[in-house]
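Examination of the molecular architecture
Chain by chain, the residues run as shown.
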Amino acid sequence: DHLWDLAVAEVQAKESAEDDAAETERSVFFIGNKNGGKTSIILRCIDRDEAPKPTLALEYTFGRKAKGHNTPKDIAHFWELGGGTSLLDLIQIPITSENIRTFSMVLVLDLSKPNELWPTMDSLLQVTRKRVDKIVADIGKSNSKAANQIMQNMWRNIPNNHPDRELIDPFPLPLLIIGSKYDIFQDFESEKRKIICKTLRFVSHYFGASLLFTGKAESHKSVLRSYINHLAFGQDRSKLVSVDHNKPLVIPAGSDSLSQIGTPPASDNDLRQVNARTPMELWKKTYERVFSPENKHDSKDLKDPAKDSQYAERDVDAMRAVKDQELEQYKRNADKSWKSMTLGLHVR
C-alpha cells in the first residue's frame, strides 16, 4: 500500500472508533390506556425499584447505559402521556424537529379492557401521525433530503421482497405495540382471545410495528426489556417469535404477513354486510361487532384532571367544591345585574 492509503485508512479507523465511543441520545414516547402499565414498564426497563404512581398529564424521566468499559453512556429520554386519550394536545410537546430522527413510539394497550382497545389505539396514533407529518413537512421546506430520509426510514423494517409492501402503510416513527396485563387476558375464552390477537396482528403489520404481549412472568419481562432497550439504546432485541393466540404474542416488525394473519374474524356473510372503504375500516367494524366501544364521559370532564378520580385529594377537592359553588353564585348574581342594567336601558 502507498503511504497515503495507509494514512487515510488510519484516520478513518480513528473516526470510526470515535463514532462508536460517542454518546448517543434517543427518545421513547409511551402512550396508551389509562392505568395500562406504562409507568411500570418504564421503571422496569431503567432498573428503578419503586412503586409506580398515576401519571399526571405528561411526565419525563431518563436512563443511561454504557456501551463498554470507559466509554460514554448512551442516554434515553422517556416520555409518558397520562390520561389515556383525554390529553391528546400534549402529544406535540415531546415530538420535535430536533429529535424526530431518533424518536420511537410505544403504544401500551390494556388487554383486560378489549372494548377500549380500538378507540384508544385509533385516537392516539392518529394524533401522533398528524404531529409527525407536520414536522416532516416543515423540515422538507428547508431540507427536502432530510425529510425524504425520514420517510424512507419508515420502510427499514419491511424487507424489499415482502409480499405486502404495496398493501401496508408504515407508521412514520418506529412503533412498538404492547398488549399489557396478559395474566388477565389469558383467562378470556379462546374465541375472544383469537379475535383480539388477529386484530392486533393486522394493525401492527399494517403500521410496520412490532407487537408483543406481556404480563407478570419473568420470561415476559425479559422479552419486553430487550425490545425497549432496542428502541432506547440500540441494543439487540429478542429473536423470539410467537404467533399462537394461546401464548403471548411476540412478532418483530416485518416478520408477519396478511396471508398468515388471514381474514377478519367473522363469517363470510357478516363480512359482506360490513360497509368499509379500506382494510383498516373493515377490521375496525368487524372488531367492534364483538367489542363495541363503551360510552365515555363528557369529553370536557375527561380533559379536566381535577375531575379525574385517580387524582383525588379529599381536602383539596372539598375546598374546590366550595370555590366552585361561590363561582356559580357569583355568575348568577352577575347575570342578574346585567339583566337589570339591560331592563333599565330599555325603560329609558
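Further up the page is the structure itself.
All residue numbers here refer to positions counted from 1 along the written sequence of the relevant chain. Where local features are concerned, this predicted model is filtered to residues with pLDDT of at least 70; where side-chain atom pairs are given and counted, the filter is 80 or more; whole-chain, interface and lining totals use all residues. With hydrogens and water excluded, all non-hydrogen atoms of the structure serve as input to the side-chain values.

We call Phe, Tyr and Trp rings a pair once their centres come within 6.5 Å, taking the six-membered ring for Trp, and we label the pair stacked below 30 degrees between planes, edge-to-face above 60, and tilted otherwise. Summed over all chains, the structure comprises 13 aromatic pairs. Ring centres of Tyr 206 and Phe 207 lie 5.5 Å apart, and the angle between their planes is 75 degrees; on these two criteria the pair is classed as edge-to-face. Considered together, Tyr 206 and Phe 207 belong to a single accessibility category, that of buried residues. Through a chain of ring-to-ring contacts, the aromatic side chains of Phe 171, Phe 202, Tyr 206, Phe 207 and Trp 283 assemble into a single cluster. Relative accessibility thresholds used throughout: buried, under 20% of the residue-type maximum; exposed, over 50%; partly exposed, between the two (1.4 Å probe, protein chains only).

With that out of the way, let us pick up unusual backbone geometry. The backbone of Asn 35 shows a phi angle near 60 degrees, a positive value even though the residue is not glycine. Helix numbers and strand numbers start at the N terminus; a helix is a DSSP run of H or I with at least 4 residues, a strand a run of E with at least 2. By the element assignment, Asn 35 lies in the loop between strand 1 (25-32) and helix 2 (38-45). Using a relative accessible area of 47% as the deciding quantity, one classes Asn 35 as partly exposed. For Lys 181, which is not glycine, the phi dihedral falls at a positive 60 degrees. In this fold, Lys 181 is placed in the loop between strand 5 (175-180) and helix 5 (182-185).

Let us now look at the packing of helix 2 against helix 7 (residues 218-233). The axes are straight lines fitted to the C-alpha atoms, using for helices just the contacting stretch, and the angles between their N-to-C directions are given from 0 to 180°. Direction vectors running N to C along helix 2 and helix 7 enclose 80 degrees, while the axes themselves pass 10 Å from each other. Overall, the two elements helix 2 and helix 7 adopt an arrangement that is roughly perpendicular. Residue-level contacts link Ile 41, Arg 44 and Cys 45 of helix 2 to Lys 221, Leu 224, Arg 225, Ile 228 and Asn 229 of helix 7. Residues are sorted three ways: Asp, Glu, Lys and Arg are charged, Ala, Val, Leu, Ile, Met, Phe, Trp, Tyr, Cys and Pro are nonpolar, and all the rest, Gly among them, are polar. Along the lines of polarity and charge, the residues of the contact of helix 2 with helix 7 split into four nonpolar, one polar and three charged. Orientation labels follow simple angle bins: below 35 degrees gives roughly parallel, above 145 gives roughly antiparallel, 65 to 115 gives roughly perpendicular, and whatever is left gives oblique. Residues count as neighbours in contact if any of their non-hydrogen atoms are within 4.5 Å of one another.

The next point concerns the pairing of strand 1. In summary, the side chains of a regular strand alternate between the two faces of the sheet. Most of strand 1 sits out of view: six of its eight residues are buried. One requirement defines pairing of two strands: DSSP has to find at least two bridges between them. Examined bridge by bridge, strand 1 and strand 3 (residues 73-81) share six bridges and lie parallel to one another. Residue pairing across strands places Glu 25 opposite Ile 75, the latter belonging to strand 3.

These results come straight from atomic positions and should not be treated as a statement about function.
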